[in-house]
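Coordinate inspection notes
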Amino acid sequence: SASLEDVSGNRYVLSLPADKTQPLTDHSLLFSVLVMLTLAGVLSGLCHVFHVPTIFGQILCGVILGPSCFNLILDPVQTETVGELGVFLILFCCGLEFSPKSFAKIWRLSVLGSLSIISLITFVFTICGSVFRISVSQ
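Once that is clear, we can look at the packing of helix H1 (residues 27-49) against helix H2 (residues 54-65). Following both chains from N to C, one finds H1 and H2 inclined at 140 degrees, their axes separated by 7 Å at the closest point. With respect to H2, the axis of H1 lies oblique. Relative to H2, H1 is oriented so that their crossing is right-handed. Contacts from Val35, Met36, Leu39, Ala40, Leu43, Ser44, Cys47 and His48 in H1 reach Thr54, Phe56, Gly57, Gln58, Leu60, Cys61, Ile64 and Leu65 in H2. For the contact of H1 with H2, the class distribution of residues is 11 nonpolar, 5 polar and no charged.

Turning our attention to the packing of H1 against helix H3 (residues 76-97). For the pair H1 and H3, the least separation of the axes is 10 Å and the interaxial angle reads 55 degrees. The angle between H1 and H3 places the two elements in the oblique class. Considering the relative orientation of H1 and H3, their crossing is right-handed. Counted together, Ser28, Leu29, Ser32 and Met36 of H1 and Gln78, Thr79 and Val82 of H3 form the full contact between these two elements.

As a further point, take unusual backbone geometry. Even without being glycine, His51 reaches a positive phi, approximately 60 degrees. Positionally, His51 belongs in the loop between H1 and H2. Its identity is not glycine, yet Asn71 carries a phi of approximately 55 degrees, on the positive side.

This part is about the nonpolar core. With 6 residues, the main nonpolar core is built from Val35, Ala40, Leu43, Cys61, Leu65 and Ile73. At the level of elements, H1 and H2 are the ones that each hand at least two residues to this core. Looking at which element gives the most residues to this core, the answer is H1, with 3 residues.

A separate point is the pairing of strand S1 (residues 2-5). Two elements, S1 and strand S2 (residues 11-14), share 4 bridges in a ladder whose sense is antiparallel. Across the sheet, the residue bridging to Leu4 is Tyr12, located in S2. In textbook terms, the turn of a hairpin is the stretch between consecutive antiparallel strands, and for S1 and S2 this stretch comprises 5 residues, one of which, Gly9, has a positive phi near 90 degrees.

The end-to-end C-alpha distance of helix H4 (residues 100-131) is 45 Å, a good match for the 46 Å that 32 residues give at a rise of 1.5 Å each. When the local axis directions of H4 are compared, the greatest deviation, roughly 55 degrees, occurs at Ile106. Two residues or fewer after H4 comes Arg133, characterised by a positive phi angle close to 55 degrees.

Attention now goes to the side chain of Ser32. The residue Ser32 is located in helix H1 in this model. Judged by relative accessible area, which is 0%, Ser32 ranks as buried. Ignoring anything within four residues of it in the chain, the contact list for Ser32 reads Ile73, Leu74, Asp75 and Thr79.

Note that Ser44 resides in helix H1. For Ser44, a relative accessible area of 11% gives the class buried. Leaving out residues up to four positions away in the same chain, Ser44 has contacts with Thr54, Gly57 and Gln58.

Conventions and cut-offs
Residues numbered from 1 in each chain as written. Predicted model: local features only at pLDDT ≥ 70, side-chain atom pairs only at ≥ 80, totals over all residues. Heavy atoms only, no water. Axes fitted to C-alpha atoms, helices over the stretch in contact; angles between N-to-C directions. Helix = DSSP H or I, 4+ residues; strand = E, 2+ residues; numbered from the N terminus. Parallel < 35°, antiparallel > 145°, perpendicular 65-115°, else oblique. Left-handed = near helix turned anticlockwise from the far one by under 90°. Contact = heavy atoms within 4.5 Å. Nonpolar A, V, L, I, M, F, W, Y, C, P; charged D, E, K, R; others polar. Core = buried A, V, L, I, M, F, W, Y, C linked by side-chain atoms within 4.5 Å. Buried < 20%, exposed > 50% of the residue type's maximum accessible area, 1.4 Å probe, protein only. Pairing = 2+ DSSP bridges. Expected span 1.5 Å × (residues − 1). Bend = angle between axes of the 7 residues up to and from the residue.

In short, shape yes, function no, at least from these values alone.
Right under this line is the structure:
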C-alpha cells in the first residue's frame, strides 16, 4: 500500500476498506470544510456590510479556526491539501482576468517591481544575517 508523509514527518498509509461497497466518506474533512465555509461566509458578509474587503473576513476565519485560537480543524493535512487547491483556483481566476493587451501595458512595471522587491529583501536579510552571525544554510 502507498503512504504519504507530511511536512512534520507524520506518515499516513493509503488503503481501501475491506468492504468496498461502503461509501468513502470522510466525516472529519466534511465537518472542517462545512465549518470553514460557514464561518468564512458569515465573516465575509460582515466585512461587506462594513465596507471592508472580504478577504479580511476569510483571513480572520483562518485565525479563529486555526491552532492559535479554537483549533477546530480536525485533520490539518487534508485541509492543507484542499487549501492548496483553493490557491490554485484563485490564481487561475486571476489569470482569466488578464488579457495579453493589459499585460503588455504593465509588464515592465511588474517585472522591475518584482525584481527590486526581491533584491531589497535579499539585501536586508543578508545584512541582518551578518549582524546576527547567521549562516546562509540556516
